[in-house]
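# Remarks on the overall topology
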Amino acid sequence: MVLKIFFPICCSAAESGLLVGRWIPEQNSAVILAVIHFPFIPGQVKQYLSEMQHATQVKLSVLGSWTKTKQAKEESLDRFLEDLGTIFSHDPWIQLSKEKGSKFWSCSASWKDSNGNEEDENILVYYDQRKVMLSQLHPAQDQVVSSDQKTVEASKLVAVFDTVAKSKLLFMKDRYDEGPVKLTHWQSEGVEASIIVELLKQASVPACMLITFLLSLVCGICKSRVLTFWPLSFIWSKLSTCEQLGHRLQHLQIISSRRKAPNQTQLMRKANIFLSLLIDMTLGILLMSWLYQKNRIGHLANALVPMADHVAQQLQDLLQWLMGVPAGLKMNRALDQVLGRFFLYHIHLWISYIHLMSPFIEMILWHVGLSACLGLTVALSIVSDIIALMTFHIYCFYVYGARLYCLKIYGLSSLWRLFRGKKWNVLRQRVDSCSYDLDQLFIGTLLFTILLFLLPTTALYYLVFTLLRLLVVIVQGLIHLLVDLINSLPFYSVILRLCRSYRLASGVKFRVLEQEAGKPLRLLMQINPLTYGRVVQLYKLPTYSCYPKDSWGSLCKKLLVGELIYPWKHKGEKQD
């Protein structure tokens, strides 16, 4: 029979005494948590362990005895420690001792029902108690259901990690505490504490109460009936800035909540949200300080109007090229002139609007720059909305061209079914047979011919403005990808993986220390940290979709038939 004993490294230098821990009969393993020193009273030890067992919900007991250095003079001590097995009566009774002048340990386990013929194979596994207690064991990424052996091994590790983690109250007693029981564990030299952390904990209570009050006030204003009317509700649902502010408002409500996190995952989520907000606001303040230095706001405002004029001039040149003979293609002259003049008039209206707003642009940009103190993501969302407003005429051109092109495509497809004696059944949503008379076929032929010969001109305008619209959408998409990256990246988990990798454990590895015949095998248990990709995958924060999640096939189909591609955010499309 193989007996596995998990022994903390910090107890290797402990004075002789009793081994306290948990016995796991399913795994035939003993997890040593602390060493109780002499002098002690057995009744007080039993009372103390029962109190700890009730508080930690861990079945603690005296597993055996520990001798620091085994010498010939200490035979009376060995006999005394063996006699303690009758008082505490644990099965098996484990006896560990160091051999003087040797790196090997002696380990023996006595069973009450043993017949003496079988010899146990003892394995000593050393572990870092502090790291195991603070670490969180994560399941394997590619865990196959059929691999039962891996599942069993993972459950064994979970039992060891849970035993150490739940015994945190046992480690709060150090050697400076007055009491009948003296323990040695990883924190026996003194409980770890930080004055700064304690001060922050005390200051966080009124701060959270103030933030909660302000958030409740803001939420009450946002949920008021004034904002539910059509113009304001439409603007709130379409602007990226409003969506980002609502998203950050939810984050503030989570971190300012006075309810304690129920588990480690929720605690990590709160920490990731807090650090994401902190980094976001820090980057926003740095951007704001850069903008207001050396009058960069004024330079940006002065360059904005000439840039809009340049874009408008390029569009006018493009329309003049389309109204001629673009790439040697012969277009329908009348339709070409009508569409070209229609779009040129829209450009004229847009340029007039820009010049009308030019005296106020610097003041608008100055106030917009102040919003960067709310975070870099809010500033990027405002930039995305400004791009959408500055290119609104391109969006109008795209909508006009797409609607006209879509009308002709659906008209041609309907007339093509007419030639084949078919029609679209709206009620049954299918194509049925239908008989047409001569007049219907004649009119259908005329309409089909007209639409077919006008299609190249419409398709050319649609193609050009669709490409321009896609260019704007790509720029906005890159901005929203950066916003989603800042919103979803678990900064705290990544920094924790970088600085204290043992906190995020994916498993363990064992290194052989010493092995000799007749001596117990000594192993060192080391923690394998999670990979950075796995950390991001597990602790990624939920974000909101910026664009509809269309596949490439559906996107190409929409472009071919002329359906509109909306860049608006969709409510309820929450992504993990």
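Parameters at a glance
- Residues numbered from 1 in each chain as written.
- Predicted model: local features only at pLDDT ≥ 70, side-chain atom pairs only at ≥ 80, totals over all residues.
- Heavy atoms only, no water.
- Patch = residues over 30% accessible without salt bridge, like charges linked within 9 Å, V, L, I, M, F, W, Y side chains within 5 Å.
- Areas by Shrake-Rupley, 256 points an atom, 1.4 Å probe, with all protein chains shown as cover.
- Salt bridge = Lys/Arg side-chain N within 4 Å of Asp/Glu carboxyl O.
- Helix = DSSP H or I, 4+ residues; strand = E, 2+ residues; numbered from the N terminus.
- Buried < 20%, exposed > 50% of the residue type's maximum accessible area, 1.4 Å probe, protein only.
- Expected span 1.5 Å × (residues − 1).
- Contact = heavy atoms within 4.5 Å.
- pLDDT = per-residue confidence, 0-100.
- UniProt positions renumbered as here; feature names shortened; annotations may be inferred.

What follows deals with a nonpolar patch on the surface. Judged by side-chain polarity, Phe-442, Ile-443, Leu-446, Leu-447 and Ile-450 come together as a nonpolar surface patch covering roughly 490 Å² of accessible area. The topology assignment puts Phe-442 in helix α13 (residues 438–488).

As a further point, take the pattern of salt bridges. Using the criterion set out here, one finds two salt bridges in the structure. A salt bridge links Glu-514 to Arg-522; the shortest N-O distance between them is 2.9 Å. Take Glu-514 and Arg-522: they sit in the same class, and that class is buried.

The topology assignment puts Val-325 in the loop between α9 (296–322) and α10 (333–370). Among the residues examined, Val-325 registers a relative accessible area of 57% and is labelled exposed. Through-space distance from the C-alpha of Val-325 to that of Asp-336 is 10.0 Å; in sequence the pair is eleven residues apart.

Now for helix α11 (residues 376–390). The end-to-end C-alpha distance of α11 is 21 Å, a good match for the 21 Å that 15 residues give at a rise of 1.5 Å each. Along α11, the positions that sit buried rather than exposed are Leu-376, Thr-377, Val-378, Ala-379, Leu-380, Ser-381, Ile-382, Ser-384 and Asp-385. Lining the buried residues of α11 we find α7 (240–255), α8 (264–291), α10 and α13.

This next bit is on the side chain of Thr-457. Within the secondary structure layout, Thr-457 lies in helix α13. Since its relative accessible area comes to 1%, Thr-457 is described here as buried.

Mean pLDDT over the protein chain works out to 81, with 83% of the residues at or above the 70 mark. The secondary-structure element of the protein chain with the lowest mean pLDDT is strand β15 (residues 574–575), recorded at 44, while helix α14 (residues 491–499) shows the highest, at 92. Low pLDDT, under 50, characterises residues 143–147; the stretch is placed with one contact to residues that sit more than four places away or in other chains. Below pLDDT 50 for its whole length, residues 568–576 participates in 28 contacts with residues either more than four positions away or in separate chains.

Residues given the UniProt feature "transmembrane region" (unreviewed entry) here are residues 273–292, 338–356, 368–391, 440–464 and 470–495. Within residues 470–495, the helical portion is 92% and the strand portion 0%, while the C-alpha atoms at the span's ends are 37 Å from each other.

When the terminal C-alpha atoms of α7 are compared, their 23 Å separation across 16 residues agrees well with the 22 Å that a helix rising 1.5 Å per residue should span. For α7, the complete set of buried residues consists of Ser-240, Thr-241, Cys-242, Glu-243, Gln-244, His-247, Arg-248, Leu-249 and His-251.

Even without being a glycine, Asn-28 presents a positive backbone phi close to 55 degrees. Relative to the helices and strands, Asn-28 is located in the loop between β2 (17–24) and β3 (29–37).

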